[in-house]
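Here's the letter readout for the chains.
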Amino acid sequence: MKVSLKHFKIYNYAMSKDEIANQYNVKGYRENLALNKNVEASSTAKNLLPSLVVDGDSSTRWGSDYTNGVEKPEWLIIDLEDTYLINEIYISWEAAYASGYTIQGSIDGNTYFDIKEITNGTGAQDVLTELGDQEVRYVKFALTTQGRADKKYGFSIWEIEIYENPNTQAKRIVSSALEELQQYTRGYEKGNLPGDIYDEWKTIFEEYYALADEGKLTEFQKVTIITDVSNKLDDIE
């Protein structure tokens, strides 16, 4: 089989995922749920604001108030602004890291439950995976033990990232798409969705949901599914 190309482009750099998404209408990339969300902290040192841990800038940071040589607990709470099933958390520490802390979750912001306890943190970056798809809106970081032997500078974090797993994200979006599809009447009158298209899309969406429910989607498969679902619904509008 011979294939001919009429137009093509050559780039001398690696396109970012945002550039790819914009140019080729790709959707469903891994989403940092904490990005630019509201953050509260037990204390703040100078201009090291809590919001800086979720601003997407690895050169800015939050820092707690401190008295050198005195160790005291501190906390951060991130409001995800909706309920999600979280599965991974990344924490990028400044030199004033926590060797002991507990990650907690809450639906209402009042009652918290433990998600994971860390007792031997070593700083730099903590990569916490397989957290069990915990259903939360609020994520609290209860910092208790300073990693620095001299107990200076309290606690400080460059960035926090929070993620769902690919299967959970796909299930959430496909489930929402099925609900949206049900808002249309199957038929050929004005404002309805043609019966053959309705049936085809419903079958495809249900198959996508079943694949995600098996829990084996790769990131590429998830992006492919979410892009297809989103583009189909966009065609209606």
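The coordinates are above.
A. Structural detail: the sheet that holds strand E8 (residues 134–146). Ordered by their spatial adjacency, 5 strands build an open sheet running E1-E3-E8-E5-E6, and the pairing between neighbours is antiparallel. Strands with a single pairing partner mark the edges of an open sheet, and in this sheet they are strand E1 (38–41) and strand E6 (113–118). Direction aside, the axes of adjacent strands within the sheet are offset by 20° on average. Here strand E5 (residues 98–106) pairs with E6 via 5 bridges, running antiparallel. Bridge assignment links Tyr101 to a residue of E6, and that residue is Ile118.

B. Broad picture of the environment of Gln182. Structurally, Gln182 is set in the loop between helix H2 (166–181) and helix H3 (195–213). Distance from Gln182 to Tyr198, taken between C-alpha atoms, is 9.2 Å for residues 16 residues apart in sequence.

C. Representation of the pattern of salt bridges in the model. Within this structure, the stated rule accounts for 11 salt bridges. Lys202 serves as the salt-bridge partner of Glu206, at 2.6 Å between the closest nitrogen and oxygen. Taken together, the positions of Glu206 and Lys202, both in helix H3 and 4 residues apart, correspond to about one turn of that helix. Its relative accessible area of 29% is what places Lys202 among the partly exposed residues. For Asp228, the salt bridge is made with Lys232, and the minimal N-O distance between the two is 2.7 Å. Remark: Lys232 and Asp228 occur in helix H4 (residues 219–236); sequence separation between them is 4 residues, near one turn of the helix. On the accessibility criterion, Lys232 (14% relative accessible area) is buried.

D. Local environment of the environment of Lys216. Relative to the helices and strands, Lys216 is located in the loop between H3 and H4. For Lys216, the residues in contact, after removing those within four places along its chain, are Asn167, Leu211 and Gln221.

E. Main features of the pairing of strand E3 (residues 74–86). For E1 and E3, the ladder comprises 4 bridges, and the chain directions are antiparallel. Within the sheet, the bridge partner assigned to Val39 lies in E3 and is Ile78.

What counts, and at which threshold
- Residues numbered from 1 in each chain as written.
- Predicted model: local features only at pLDDT ≥ 70, side-chain atom pairs only at ≥ 80, totals over all residues.
- Heavy atoms only, no water.
- Pairing = 2+ DSSP bridges.
- Helix = DSSP H or I, 4+ residues; strand = E, 2+ residues; numbered from the N terminus.
- Axes fitted to C-alpha atoms, helices over the stretch in contact; angles between N-to-C directions.
- Salt bridge = Lys/Arg side-chain N within 4 Å of Asp/Glu carboxyl O.
- Buried < 20%, exposed > 50% of the residue type's maximum accessible area, 1.4 Å probe, protein only.
- Contact = heavy atoms within 4.5 Å.

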